[in-house]
Amino acid sequence: CAVINSIKGKQYYINFIIRISKECDCESETGGKIAKDIGILFSDNPIAIDKASVDLLKKSEGRDVFQDVHSKDPMLQVNFASKYCKFTKDYELVEL
């Protein structure tokens, strides 16, 4: 948050919610897809875009994919960041 809060001017964030795999796509073996492709999100709020990504994935799959696969709450980092950054978790989805 310190870096984000210190940058002056407009910042934008893009999340690609496609080819979601069990392991990081930087690994040679990703473990295969664990969810359907949803699309691409764009925002000027890094916390809201991550929350929207998790929410859309849960809605699409009917379950918390990351919690099920990794036994970790994907909202831990989002909730932590929302306490210390100048951004909120609030978002409005606009489909294009």
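Residues numbered from 1 in each chain as written. Predicted model: local features only at pLDDT ≥ 70, side-chain atom pairs only at ≥ 80, totals over all residues. Heavy atoms only, no water.

## Examining the confidence of the model for the chain
Right, so step 1: Within the chain, residue pLDDT values average 91, and 99% of them lie at 70 or more.
Right, so step 2: Taking the mean pLDDT of every element in the chain, the minimum, 74, falls on helix α1 (residues 2-6) and the maximum, 97, on strand β2 (residues 39-43). (pLDDT = per-residue confidence, 0-100. Helix = DSSP H or I, 4+ residues; strand = E, 2+ residues; numbered from the N terminus.)

## Side note on the environment of Q11
Right, so step 1: With respect to the helices and strands, the residue Q11 is situated in the loop between α1 and β1 (13-17).
Right, so step 2: The exposure class assigned to Q11 is buried, which follows from its relative accessible area of 14%.
Right, so step 3: Separated by 58 residues in the primary sequence, Q11 and V69 have C-alpha atoms spaced 32 Å apart.
Right, so step 4: At 2.6 Å, the side chain of Q11 and the side chain of Y13 are in polar contact. (Buried < 20%, exposed > 50% of the residue type's maximum accessible area, 1.4 Å probe, protein only. Polar contact = N/O pair within 3.5 Å; in protein donor to acceptor, adjacent residues only side chain to side chain.)

## Considerations on the packing of aromatic side chains
Right, so step 1: The full count for this structure, using the stated rule, is two aromatic pairs.
Right, so step 2: Seen from their ring centres, Y12 and F42 are 5.3 Å apart, and the 15° between their planes marks the pair as stacked. Separated by 30 residues along the polypeptide, Y12 in the loop between α1 and β1 and F42 in strand β2 bring together distant segments of the chain.
Right, so step 3: We classify Y12 as partly exposed; its relative accessible area is 48%.
Right, so step 4: The class of F42 is exposed, set by a relative accessible area of 57%.
Right, so step 5: Between F80 and Y84, the aromatic rings sit 4.8 Å apart at their centres with planes inclined by 45°, giving tilted as the arrangement. (Phe/Tyr/Trp six-rings, centres within 6.5 Å; stacked < 30°, edge-to-face > 60°.)

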